[in-house]
Amino acid sequence: MDPVPIPYCGPAPGPADWLGRWNLDPWLIAALFAAAAAFALAQRGRGHGPGGGAAAFHAGIALLAVAFVSPLCALAVALFSARVFQHLLVLLVAAPLLAYGASSVSRARASGRAAGGPGPPVHGRAFTLPLAVAFAALFVGWHLPGPYERTFASDATFWAMHASLLVAALPFWAAVLRATRSRRSSPDALPAIAFVAMAMGLLGAVLTFAPAALYAPHAATTAAYGRSALEDQQLGGLVMWVPGSATLLVAAIAVAVQLARRGTESVVPSSSSPST
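Along every chain, residues carry numbers that run from 1 in the direction the sequence is written. Where totals are concerned, whole chains, interfaces and linings use all residues; where local detail is concerned, this predicted model gives features only for residues with pLDDT of at least 70, and gives and counts side-chain atom pairs only at 80 or more. Based on all heavy atoms of the structure, the side-chain values leave hydrogens and waters out of the count.

A. Summary view of the state of the cysteines. For this text, the term disulfide refers to a pair of cysteine sulfurs within 2.5 Å. For the structure on display, the rule yields one disulfide. Paired by a disulfide, Cys 9 and Cys 73 hold their sulfur atoms 1.7 Å apart. Given an S-S torsion of about -40 degrees, the disulfide between Cys 9 and Cys 73 has left-handed geometry. Of this pair, Cys 9 sits in the segment before helix 1 (26–45) while Cys 73 sits in helix 3 (residues 72–78), and the two are 64 residues apart along the sequence. Relative accessibility thresholds used throughout: buried, under 20% of the residue-type maximum; exposed, over 50%; partly exposed, between the two (1.4 Å probe, protein chains only). The class for Cys 9 is buried, based on a relative accessible area of 11%. Think of it this way: any DSSP run of H or I at least four residues long counts as a helix, any run of E at least two long counts as a strand, and we number them from the N terminus.

Here it is in structure tokens:
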């Protein structure tokens, strides 16, 4: 008989002990510190001290630690709803913070080129829609029962899931952030955000209204928390559907406000120009 594989975050904890289940994987902790140190060196190399970009980046690193080092990592083994919360924390909160922080270094580099002489222009158009399609496809694909279940049986698959999702989320959020700052038109930014929200909301709705539990790893781990596997799946679907969509709605509003400002700026000069 083959031994039962132990998930990366350890066996599913019970309600009485999950708060003490910290993940002290030295490789993970070293990677988080290395990312923070690399950012600090990149920022120092551009002659910029701590600022809003640095605060955002380090907040993003701290949220990654909450997701993968804190007891949330172990709780996500027991409860699908906790796993969904973990994913939204990484992809919809930590990822935009990291992207914003990284973009501060890119903007400093562009400013340095401008101070030294003409350099390549920084464009606001970032092909946001293809990035959104890739992000949404990975998100839905990894939450299908088969791929999802394999992340509990293999540490490599666990990290393949989370690394690929984060790698897809970062350029998507970087493009969205550029659309909120740039004076150039980014006509695909709003459809891109809407596409991700639609994919996430549709998956959440399917999980909320599914007549049976779909995720075998949680079949025997939710009863200790006073809910069936189906009830926990429904809660996870609602978390994905409502807070997930609300976060993306905030991003869409920010982009829409910037588009409206561009429209106002293009109208005001023409209306105030002297008639001939």
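B. Fine view of a nonpolar patch on the surface. Residues Phe 209, Leu 238, Trp 241 and Val 242 make up a contiguous nonpolar surface patch of about 390 Å² in total accessible area. Here the nonpolar patch gets three residues from one element, more than from any other, and that element is helix 9 (residues 229–272). Following the sequence through the fold, Val 242 ends up in helix 9. Patch definition: residues with relative accessible area over 30% and no salt bridge; like charges joined within 9 Å; nonpolar side chains (Val, Leu, Ile, Met, Phe, Trp, Tyr) joined within 5 Å. What sets the accessible areas is the Shrake-Rupley method with a 1.4 Å probe; for residues, cover comes only from the shown protein chains. Any carboxyl oxygen of Asp or Glu that lies within 4 Å of a side-chain nitrogen of Lys or Arg is treated as forming a salt bridge with it.

C. Region of the structure containing the nonpolar core. Within this scheme, the nonpolar core is defined by two criteria: the residues are buried Ala, Val, Leu, Ile, Met, Phe, Trp, Tyr or Cys, and they are joined through side-chain atoms within 4.5 Å. One finds Leu 64, Phe 139, Phe 172, Trp 173, Ile 193, Met 200 and Leu 248 to be the most contacted residues of the largest nonpolar core, which totals 66 residues. Every element with two or more residues in this core is listed here: helix 1, helix 2 (52–68), helix 3, helix 4 (80–116), helix 5 (128–142), helix 7 (155–181), helix 8 (189–209) and helix 9. At 13 residues, the largest contribution of residues to this core is made by helix 4. Leaving out residues up to four positions away in the same chain, Leu 248 has contacts with Leu 92, Phe 172, Trp 173, Ile 193, Val 196, Ala 197 and Met 200. In what follows, a contact means two residues having at least one pair of non-hydrogen atoms within 4.5 Å.

D. Representation of the pattern of salt bridges. Inspection of the entire model under this criterion finds one salt bridge. We note a salt bridge from Arg 227 to Asp 232, for which the minimum N-O separation is 3.0 Å. Using a relative accessible area of 25% as the deciding quantity, one classes Arg 227 as partly exposed. Relative accessible area serves as the criterion here: at 0%, Asp 232 is assigned to the buried category.

E. Main features of the layout of surface pockets. The volume enclosed by the second largest pocket comes to roughly 260 Å³. Only helix 1, helix 2, helix 4 and helix 7 provide two or more residues apiece to the lining of the second largest pocket. When residues in the lining of the second largest pocket are grouped by element, the largest group, five residues, is from helix 7. Of the residues assigned to the lining of the second largest pocket, the class counts are 14 nonpolar, one polar and no charged. In the cavity and pocket records, a cavity denotes points on a 1 Å grid over the protein atoms alone where a 1.4 Å probe fits but cannot get out, a pocket denotes an open set with protein on both sides within 12 Å along at least 5 of 7 lines, and lining residues are residues with an atom within 4 Å of a point. Grid points are joined across faces, edges and corners, and a volume is the space filled by probe spheres set on the points. In the scheme used here, Gly and all other residues not listed as nonpolar or charged are polar, with Ala, Val, Leu, Ile, Met, Phe, Trp, Tyr, Cys and Pro taken as nonpolar and Asp, Glu, Lys and Arg as charged.

F. Summary view of the packing of aromatic side chains. Aromatic contacts are taken between Phe, Tyr and Trp rings whose centres are within 6.5 Å, Trp giving its six-membered ring; a plane angle under 30 degrees counts as stacked, one over 60 as edge-to-face, and the others as tilted. Under the definition given, this model contains 13 aromatic pairs. When the ring of Phe 68 is compared with that of Phe 158, the centres are 6.3 Å apart and the planes differ by 85 degrees; the resulting orientation is edge-to-face. Of this pair, Phe 68 sits in helix 2 while Phe 158 sits in helix 7, and the two are 90 residues apart along the sequence. A centroid spacing of 5.9 Å and a plane angle of 75 degrees characterise the contact between Phe 209 and Trp 241, whose relative ring orientation is edge-to-face. Taken together, the residues Phe 209 in helix 8 and Trp 241 in helix 9 connect sequence positions 32 residues apart. Each member of the aromatic cluster is reached from another via a ring pair, and the members are Tyr 8, Phe 68, Phe 158 and Trp 159.

That's the geometry; what it means functionally is another story.
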